[in-house]
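Examination of the molecular architecture
Here's the letter readout for the chains.
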Protein chains: 4
Amino acid sequence: MPGNSLGLLFRVTTFGESHGPLVGVVIDGVPAGLPLSKDDVWLELKLRRPGQYLTSPRRESDEPDIVSGVFNGRTIGSPVTIIIRNRDVVSQYYEDIRFKPRPLHGDLPAYMKYGVDSWDYRGGGRLSARETAARVAAGAVAKKLLCARGVIVVSYLYSVGDVELERTPETVDVALRTRLSPVKCPDPDLEQRILSLLREVQESGDSIGGVVETLVFNVPPGLGDPVFDKLKADLAKAILSIPGCLAFELGEGIRMSKMRGSEIDEAIIVRDGVLRWEKNVQGGIIGGLSTGEIIKFRAYFKPTSSIRKPIRTVDLETYRETTITVKGRHDPCIAVRAVPVVEAMTAIILVDHMMRAGYISTDKLTLQELKNIETYWSLYRKYSPKS
Amino acid sequence: MPGNSLGLLFRVTTFGESHGPLVGVVIDGVPAGLPLSKDDVWLELKLRRPGQYLTSPRRESDEPDIVSGVFNGRTIGSPVTIIIRNRDVVSQYYEDIRFKPRPLHGDLPAYMKYGVDSWDYRGGGRLSARETAARVAAGAVAKKLLCARGVIVVSYLYSVGDVELERTPETVDVALRTRLSPVKCPDPDLEQRILSLLREVQESGDSIGGVVETLVFNVPPGLGDPVFDKLKADLAKAILSIPGCLAFELGEGIRMSKMRGSEIDEAIIVRDGVLRWEKNVQGGIIGGLSTGEIIKFRAYFKPTSSIRKPIRTVDLETYRETTITVKGRHDPCIAVRAVPVVEAMTAIILVDHMMRAGYISTDKLTLQELKNIETYWSLYRKYSPKS
Amino acid sequence: MPGNSLGLLFRVTTFGESHGPLVGVVIDGVPAGLPLSKDDVWLELKLRRPGQYLTSPRRESDEPDIVSGVFNGRTIGSPVTIIIRNRDVVSQYYEDIRFKPRPLHGDLPAYMKYGVDSWDYRGGGRLSARETAARVAAGAVAKKLLCARGVIVVSYLYSVGDVELERTPETVDVALRTRLSPVKCPDPDLEQRILSLLREVQESGDSIGGVVETLVFNVPPGLGDPVFDKLKADLAKAILSIPGCLAFELGEGIRMSKMRGSEIDEAIIVRDGVLRWEKNVQGGIIGGLSTGEIIKFRAYFKPTSSIRKPIRTVDLETYRETTITVKGRHDPCIAVRAVPVVEAMTAIILVDHMMRAGYISTDKLTLQELKNIETYWSLYRKYSPKS
Amino acid sequence: MPGNSLGLLFRVTTFGESHGPLVGVVIDGVPAGLPLSKDDVWLELKLRRPGQYLTSPRRESDEPDIVSGVFNGRTIGSPVTIIIRNRDVVSQYYEDIRFKPRPLHGDLPAYMKYGVDSWDYRGGGRLSARETAARVAAGAVAKKLLCARGVIVVSYLYSVGDVELERTPETVDVALRTRLSPVKCPDPDLEQRILSLLREVQESGDSIGGVVETLVFNVPPGLGDPVFDKLKADLAKAILSIPGCLAFELGEGIRMSKMRGSEIDEAIIVRDGVLRWEKNVQGGIIGGLSTGEIIKFRAYFKPTSSIRKPIRTVDLETYRETTITVKGRHDPCIAVRAVPVVEAMTAIILVDHMMRAGYISTDKLTLQELKNIETYWSLYRKYSPKS
């Protein structure tokens, strides 16, 4: 069943399995004229690359190849296809547990759907987080396009276990600086506490859950469509489509579900001649439409399922209960690596809705838009790790 | 922009404004042969009807008319259109506040999108909760179709403010019995505490947030599609498309985001010769695919925005800050009335994915399916309020 | 299966059966601010109305009702729903032939798909040409929107049997004048010959095929998308979706399929400083994209299937071969009545592609666009039959 | 704008430009379990390969690579991606005529849409017939899937200029044998006449139009959906999306548009206990639904635009009129090379509608289906050219 595409006007289709030759993405709907290089994409891929400090030991350069849609360094209005080869693939472990599915991975439901003989069980196959590299590649294109209108998307780590951020970043710069943090955390103190916690968790062979927060700056009002394609609805879908994500919260939605109306006290005010929401308690979206305030939401991730502890399962060849043990190092907190994926998915939804509302042409970019792209994309570049 | 349709094979399109002549829905993708009467639909509409105890005083009979797609009491494979006339419409209040938008209603973003001269501001226009009557009508058809495979969807009130359910209903009957509760609560003690709380809130002219929980019984494994159309993703979109809903949580997702992996301890086991998940911590969906266990998720709603307290806003004709006051009685907790809407949206997504996976034909129903529909639909009927 | 919607940004969904209470259409994607009255729609519906000279004797006023999406005479950005009640419905004849399907009507394939017990066989049910009234209603909205950019769509009768138009109308006025012709023919001499032919055909109890030609004036270049959504491809789908239409031809496509390249001799030239195609042999679309020249194509219709002559079929209750006879008067040439339907389908596709390319906003219309609408819509009104 | 995808359940997305590194296709919706090898795809690609007798001199091996969706020789339910590298690319000629667009190629409309600075003008870029290699690759997968239900699709040459086929092939074998003909012609005498004609045309530096006919055998009744997604409508769109195709005709549609109803004389009869249409005049589709008879339609192609004769155009750098001359050999009749493309597009539409009607699962294939695939696919293999 076709479930591998997302978007109406900016349409992203990913393909590839964890242990196949490559993962990739076709991006349909990119207007002509966008300067796009391999490095633009690689910049973003490096932020989710496995093999970094404290994360999974799979070593991939994640060097992307743009194989269609770009000519002389600029897009041509045709589908942009980006592929990322899989290199560091070791499948032996998955042969051993092929018939002993892990309870919190998708392999068993996939066996039920596609047949145990057909499904590519190696490394999670199509359900692997490896697929999210393709999303990040598409997100790079989406973010660059959003620069045409000065829209900046930033995701960062909000919490790990009980350790939680106290202050939302208030400026684009503070937010973007999280790109330089090894755990994508906007607060230097918190960063240290999270690093200690993650080390402790990893050393004990355990894992831990976490939360990713996202801000979108400079959003024009009126994005989203009433009823089913509300902006909050499309964001929720995109975010819940990320492996390991189990909840989505707009603004202070969960806290508000316990509050009284009188405690909220939002107001419309005039500031510098512009209509504004005083508190922006609903995260920049009201009635499903953007208000022009900063969009803010959270994505909740479960702990990594693979821990160094016996896991109870069933041997599908004998239908007897058994236990398996996960070997090697593992990524103790998927929320950390999910940060650039959340950012990418947000950008993909935003650019689609910007196109739907006519803010970005689907045919070609204007000179002013190209100038804006240069200005705003340099911000992302400025806050990118070297190498 | 077209945002008024949802679904790939079972496609629901709603139309109509709060103070226009009617609201309605076109349901495309209903197979031929389904017995469908006005009463089937009315049964469900009565559960969300305004004018009930403790809710908004707008009095509507919500009597539906099926105006296409049914012949001799059965569907014919053509779009089923259901209309519900608006009768109890008083627009004067909205004339008074036309240029003084309420901060937590969609009117101001809608003005920004569509133009202040065009938008139908009366009662929220297209963004009104009145539109959800059309969704409930479509949900009745969806739920009846799901009966073909014995799938039962039940939503109920999980919490109001801090008052929270302690035990998830474990059987279809216990769950369905909530349909008879004035506040859709599965626990009689809790029901009384919630009723007291709501009375107190209403008397003080305030409002309060709440949470709706949903269970889906007898789900076949393998529903949902990897990557973007994961079942959890499509559910999240559908739920977040409901007015006032600000968060979605699959299973114990929020709690799990604070836990360590070692605390979760899920296992695959064999029970009665069938593969099962021992704890079902992830709410029946893993890797985005249904596991065959009960699907469980929560929808978080903000407090009703309208309270008897001055609200600060801006007069759009003068651009001066001002205050408005909401008059009359109001519904103190939208979560209560949202229960049947959440149920309807869940059923719509489920039937679409059942069709995508081939469990329900989009052409015509079989005799066995018709028998199942009779059996399972009688359960919904059994637990429906008289009148 | 959902097959009742068309369009990406301007999305039309029709509903209703020939002998049900009504037919109707939901039009999603209409921007706010468009002046729209019942009379705008009725104007167009009258052009296809049954009961006119030489056509089917079913007498319907076809008075439309706009039941959503319009407030104070203007659209609000919400779905516009238009319904047209069925009044002159006599179903007895269809009871008689219920189990004796006509060979060139869709009833038998529909029985095979939906079940002979479920399908609404009265008057063709959902497959009846009655459904095209809903398309014409949507076409009225589409044509009015196209006026925002000065785009004018005109369909007319190109041939009946062997009697064929010799000269394509060259101006908007000549083309629009066909709206006043009883057989939608742009050439007065031809009109008389066609009228005689139709009379003769009808008197002999026979029917006859015909061809409808369409011109679109003032089309901007670059409409359509490469590969699958080429403008010619989307037009072909829309036109072939009309009952009785069996072929689509862009420009002089059929003649060109027999020609040598050297005979064609198209050239790009400069006229008044603008790039033009000298001959426009390909009907204004090259590479699937509009060129800015007049779009021109033909739709080929079979003869009306119902003739006063015994028709051989099978009695489905006995599986014996039998004959049936069609009673009463009938429409001798469906091509004549298809003219406004072709025009409507063309307008629907064009406005969708204008929106895709950013020529018409999906949020709201500008003042200049509203002015243009007034100017160009008055042309359609000018060439409309009184009453 | 996203126009590079086609299909609802079986969704094909192509990418790549004529002179870029590759062309390719992502096929979403392939059920798990289908045996699929590079050779299955190559078999079909060889039928459209450039460099064959009498066709364009570009020499490509067209060796495909399946880079996702297949594991151990079978599909896994994930998107199948196939890439075909471009090797024999010489762009110099296109540099020379970059600013002198050919009147019947899409370059000038593409310049107008995407900007003359952005568009990849080399070899037609995205609009090149090279893109159709990706369609043929997808068609191989579609045809193999159709074998699960015994459905066989065959396209062949119907006419070149005035030289026309007289007898429709009546059996699968006669039809499939055309795969072995250098001009895909089912009649040996006609083949010789066409070969002579093409030689003469080519020697005179000219080109010529042609028509492709398609038959689909063993189609179940009831495919297609009423109203917009009629089977004839979806076929027309798919066929008109092929470069150079200007008309589509179902059955004897064009001839019927000139006939009287009394001349047609179709009948429903019983043959071997099965309801049949005696003449199948409408090409196996009535009311937009398949009847179970052989589907038959024609696609009309213009002559190749490139001929050895001065072509009049405008120099875009000076806006002066000028002439260009096409160099080298060229393919005199695109209809010949379009044959496998028409076949592929037909198969893609058919498999999508088979899935929509539930004839082929989108999750996994059954054992019986796998057996059928072996049986019927061997027919295609049997009638394939060696090497």
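Further up the page is the structure itself.
Everything in this summary refers to the structure shown in the same document. (Residues numbered from 1 in each chain as written. Chains lettered and ligands numbered in written order. Predicted model: local features only at pLDDT ≥ 70, side-chain atom pairs only at ≥ 80, totals over all residues.)

Opposite the 40 residues of chain B that make contact, chain C presents 39 residues. Among the secondary structure elements, those contributing two or more residues to the side of chain B that touches chain C are β2 (11-16), β3 (22-28), β4 (64-68) and α3 (107-114) of chain B. Looking at the side of chain B that touches chain C, its residues break down into 14 nonpolar, 17 polar and nine charged. (Contact = placed C-beta atoms within 7 Å. Helix = DSSP H or I, 4+ residues; strand = E, 2+ residues; numbered from the N terminus. Nonpolar A, V, L, I, M, F, W, Y, C, P; charged D, E, K, R; others polar.)

Relative to chain C, chain B is turned by 180° and slid 0.0 Å along the rotation axis, the superposed coordinates differing by an RMSD of 0.0 Å. In short, the pair behaves as if placed about a two-fold rotation axis. When the interface residues of chain B are mapped onto chain C, 98% of them are again interface residues, pointing to one common binding face. (Least-squares fit on C-alpha atoms with pLDDT ≥ 70 in both.)

As a further point, take the packing of helix α1 (residues 38-48) of chain A against helix α10 (residues 334-356) of chain A. Between two packed helices, the angle of one axis relative to the other and the distance separating the axes together describe the packing. Residues and elements named next belong to chain A. The N-to-C vectors of α1 and α10 enclose an angle of 150°; their axes lie 8 Å apart at closest approach. One element, α1, and the other, α10, form an angle in the roughly antiparallel class. Residues E44, L47 and R48 of α1 pack against R337, P340 and V341 of α10. Of the residues contributing to the contact of α1 with α10, the split by class is three nonpolar, no polar and three charged. (Axes fitted to C-alpha atoms, helices over the stretch in contact; angles between N-to-C directions. Parallel < 35°, antiparallel > 145°, perpendicular 65-115°, else oblique.)

Within a regular strand, the side chains alternate between the two sheet faces. Residues and elements named next belong to chain A. Within strand β16 (residues 295-301), seven of the seven residues are buried, which leaves it mostly tucked inside the rest of the structure. On β16, burial covers both faces: I295, F297, A299 and F301 on one face and K296, R298 and Y300 on the other are all buried. Bridge count between strand β10 (residues 210-217) and β16: seven bridges; the pairing is antiparallel. Within β16, the position partnered with V216 by the bridge is I295. Note that strand β11 (residues 245-250) and β16 share five bridges and pair antiparallel. Bridged to A247 within β16 is Y300. (Buried ≥ 20, exposed ≤ 12 C-beta atoms within 10 Å, placed from the backbone. Pairing = 2+ DSSP bridges.)

Note on the copies: chain A fits chain B at an RMSD of 0.0 Å, the axial shift is 0.0 Å, and the rotation between them is 180°. The residues that chain A uses at the interface reappear at the interface of chain B in 100% of cases, marking a shared surface.

The subject of this paragraph is α10 of chain A. Each full turn of the α-helix corresponds to 3.6 residues, which orients residues three or four apart in the same direction. Residue and element names in this part refer to chain A. In this model α10 runs 33 Å from its N-terminal to its C-terminal C-alpha over 23 residues, within 8% of the 33 Å that 1.5 Å per residue would give. The sharpest bend along α10 measures roughly 35° and falls at P340. Burial within α10 is extensive, with 23 of its 23 residues counted as buried. In the segment just after α10, G358 is the residue with positive phi, at about 85°. (Expected span 1.5 Å × (residues − 1). Bend = angle between axes of the 7 residues up to and from the residue.)

One can find L22 of chain C in strand β3 (residues 22-28). Distance in space between the C-alpha atoms of L22 of chain C and S257 of chain C is 44 Å, their sequence separation being 235 residues. If sequence neighbours within four positions are ignored, L22 of chain C has contacts with V67 of chain B together with G16, I83, I84, R85 and N86 of chain C.

Turning our eyes to something else, we now look at unusual backbone geometry. Phi is positive for N218 of chain A, which is not a glycine, with a value near 65°. With respect to the secondary-structure elements, N218 of chain A resides in the loop between β10 and α7 (231-240). Phi at D272 of chain B is positive, roughly 55°, even though this residue is not glycine. Secondary-structure assignment places D272 of chain B in the loop between β12 (268-271) and β13 (274-277).

Function-wise, these values are silent; they only describe arrangement.
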